[in-house]
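Structural description and commentary
Each chain, letter by letter, is given below.
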Amino acid sequence: MTSEQHSPERREITIRRAPRFVPFMALGVVVAFVVALVMAYTGPENPQYTREAVLGFFTVMLALPGVALGCIAALILDRISVRRSEHAIVEAADDDPGSTGPSPLA
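Because the structure is a prediction, the values reported are computed rather than measured.

Here the focus is the pairing of strand 1 (residues 10–15). Put simply, side chains in a regular strand alternate between the two faces of the sheet. Burial of strand 1 is sparse: only 0 of the 6 residues sit out of reach of the surface. Two elements, strand 1 and strand 2 (residues 86–91), share 6 bridges in a ladder whose sense is antiparallel. The residue of strand 2 that forms the bridge with Arg-10 is Glu-91.

Structure below.
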């Protein structure tokens, strides 16, 4: 006689909170826009350019460094999350049709 008992499959997993990069990149663009806003409206006014043109120029010039700084911040937080990660052992649950639990259709 063969035994029909299955030993549950056990796996080791890593649990960590990884940052999402897109919000950090968007925050970098917002910070770049705020810096451009301050630069455009606090400096002396140039009669050749409007303040809005200066704001647009500085926004375009600072957007890429802002995105880069946001990515660097996300990478640093990602590295910290790797160091603080935890390991856990999980096992697969069998979906037994003869179980006494509530029916999903009830």
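Next, the rest of the story.
Another point: a nonpolar patch on the surface. Together, Leu-27, Val-30, Val-31, Phe-33, Val-34, Val-35, Leu-37, Val-38, Met-39 and Tyr-41 make up a nonpolar patch on the protein surface, roughly 840 Å² of accessible area in all. Tracing the backbone shows Val-38 in helix 1 (residues 21–42).

Let us look at the pattern of salt bridges. Going through the model one piece at a time under the given rule, you end up with 1 salt bridge. Put simply, Arg-10 and Glu-91 hold a salt bridge, and the shortest N to O gap is 3.2 Å. Note that Arg-10 is positioned in strand 1 and Glu-91 in strand 2, a separation of 81 residues in sequence.

Here we come to helix 2 (residues 51–83). When the terminal C-alpha atoms of helix 2 are compared, their 47 Å separation across 33 residues agrees well with the 48 Å that a helix rising 1.5 Å per residue should span. Of all the bends in helix 2, the largest measures some 35 degrees and sits at Leu-62, one to four residues before the proline Pro-65.

Attention now goes to the environment of Arg-20. Following the sequence through the fold, Arg-20 ends up in the loop between strand 1 and helix 1. For the pair formed by Arg-20 and Cys-71, sequence separation is 51 residues and the distance between their alpha carbons is 9.7 Å.

This paragraph deals with helix 1. For helix 1, spanning 22 residues, the distance from its first C-alpha to its last is 32 Å, which sits close to the expected 32 Å at 1.5 Å a residue. The secondary structure elements touched by the buried residues of helix 1 are helix 2.

Attention now moves to the side chain of Ser-81. Mapped onto the secondary structure, Ser-81 falls in helix 2. Excluding anything up to four places from it in sequence, Ser-81 contacts Arg-16, Arg-17, Ala-18 and Pro-19.

The geometry of helix 1 relative to helix 2 is characterised by a closest axis approach of 6 Å and an angle of 145 degrees between their N-to-C directions. Considering how the two elements wind past one another, helix 1 and helix 2 form a crossing that is right-handed. In terms of residue class, the contact of helix 1 with helix 2 is built from 23 nonpolar, 5 polar and 2 charged.

Cut-offs used in this document
Per chain, the residues get numbers from 1 upward, laid out in the order the sequence is written. Note on the predicted model: pLDDT of at least 70 is required for a residue's local features to be given, and 80 or more for side-chain atom pairs to be given and counted; whole-chain, interface and lining totals, by contrast, use all residues. Hydrogens and waters are ignored; side-chain quantities use all the structure's heavy atoms. Relative accessibility under 20% of the residue-type maximum defines a buried residue, over 50% an exposed one, and the middle range a partly exposed one, all with a 1.4 Å probe and only protein chains included. In this text, helices come from DSSP runs of H or I with a minimum length of four residues, and strands from runs of E with a minimum of two, each type numbered from the N-terminal end. A pair of strands counts as paired when DSSP detects no fewer than two bridges linking them. Patch rule: a residue counts if its relative accessible area is over 30% and it has no salt bridge; like charges are joined within 9 Å, and nonpolar side chains (Val, Leu, Ile, Met, Phe, Trp, Tyr) within 5 Å. Only the protein chains shown count as cover for residues, with accessible areas throughout obtained via the Shrake-Rupley method and a probe of 1.4 Å. Salt bridges are defined by distance alone: a side-chain nitrogen of Lys or Arg within 4 Å of a carboxyl oxygen of Asp or Glu. In this analysis, the expected span of each helix is defined as 1.5 Å times one less than the number of residues it contains. Here the bend at a residue is taken as the angle between two axes, fitted respectively to the seven residues that end there and the seven that start there. Throughout, a contact is declared for two residues whenever any of their heavy atoms are within 4.5 Å. Angular values range over 0 to 180 degrees, each being the angle between N-to-C directions of two axes fitted as lines to C-alpha atoms, with helices fitted over their stretch in contact. Each helix crossing is assigned a hand: it is left-handed if the near helix lies turned anticlockwise from the far helix by less than a right angle, otherwise right-handed if that turn is clockwise. Three classes are used, and their members are as follows: Ala, Val, Leu, Ile, Met, Phe, Trp, Tyr, Cys and Pro are nonpolar, Asp, Glu, Lys and Arg are charged, and the others, Gly among them, are polar.

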